[in-house]
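Commentary on secondary and tertiary structure
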Amino acid sequence: MEEWLILYGEYLLPVVLVGAFAVLLLQQQKFNSAPEYIAMATVVSKRMEPGRYHGKWSSGWNYLVTFQIGNDTMELYTGEAEYQELTIGNTGMLRWQNEFLHHFDPQI
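Rules used in this analysis
Residues numbered from 1 in each chain as written. Predicted model: local features only at pLDDT ≥ 70, side-chain atom pairs only at ≥ 80, totals over all residues. Heavy atoms only, no water. Helix = DSSP H or I, 4+ residues; strand = E, 2+ residues; numbered from the N terminus. Buried < 20%, exposed > 50% of the residue type's maximum accessible area, 1.4 Å probe, protein only. Contact = heavy atoms within 4.5 Å. Areas by Shrake-Rupley, 256 points an atom, 1.4 Å probe, with all protein chains shown as cover. Salt bridge = Lys/Arg side-chain N within 4 Å of Asp/Glu carboxyl O. Phe/Tyr/Trp six-rings, centres within 6.5 Å; stacked < 30°, edge-to-face > 60°. Lys NZ or Arg CZ within 6 Å of the ring centre and 35° of its normal.

Side note on the overall build of the protein
On a plain count of helices and strands, the protein comes out with two helices and five strands. Across the protein, helices and strands are ordered from the amino to the carboxyl terminus as α-β-β-β-α-β-β. For the protein, with 108 residues in total, the buried portion stands at 19%. Taking as baseline every contact in the protein between residues at least 6 positions apart, the subset at least 24 positions apart corresponds to 46%. Element-wise, carbon and sulfur atoms account for 59% of the exposed surface of the protein, whose accessible area totals about 8400 Å².

With respect to the pattern of salt bridges
Once their charged atoms are close, side chains differing in charge can pair, the charge on each being opposite to the other. All told, the structure shown has three salt bridges when counted by the stated rule. The shortest N-O distance in the salt bridge between Glu 36 and Arg 95 comes to 3.1 Å. Here Arg 95 lies in strand S4 (residues 91–97) and Glu 36 lies in strand S1 (residues 36–50), a separation of 59 residues in the sequence. Among the ionic contacts, a cluster of salt bridges with common partners joins Arg 47, Glu 49 and Glu 75.

Structural notes on the side chain of Thr 66
Mapped onto the secondary structure, Thr 66 falls in strand S2 (residues 61–69). Apart from residues no more than four positions distant in its own chain, Thr 66 is found in contact with Thr 42, Val 43, Val 44, Ser 45, Thr 73, Met 74 and Glu 75.

As for the packing of aromatic side chains
For the structure on display, the rule yields four aromatic pairs. Ring centres of Phe 67 and Phe 104 lie 5.5 Å apart, and the angle between their planes is 40°; this geometry places the pair in the tilted category. With Phe 67 in strand S2 and Phe 104 in strand S5 (residues 100–106), this pair connects stretches of sequence that are 37 residues apart. Taken individually, Phe 67 and Phe 104 each receive the classification buried, so the pair is uniform in this respect. Above the face of the Tyr 83 ring, Lys 46 is positioned so that its terminal group lies 4.6 Å from the ring centre.

Printed below as a string of structure tokens:
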């Protein structure tokens, strides 16, 4: 084993990095290939919870909005700007994928 590390150890880090990158690409492909749904919905409630990560690209909060679709409710993650624009009681066309809001077009 020690001899192998001496001979090939310099290649270990690049191989691990390429492998990790490949796994991330496969996960992203799986997410993007999930079906996208469209339905009439009503905004029922909004809430914020502390985010898992806080950094340069994140405010440190998760923005969640609950929609009523027929007899069912669904809570979706959204961005801060979309969260601020949504008003409880608005009804419109909802487009989402997995657990993320893509677009809500309220009826006027």
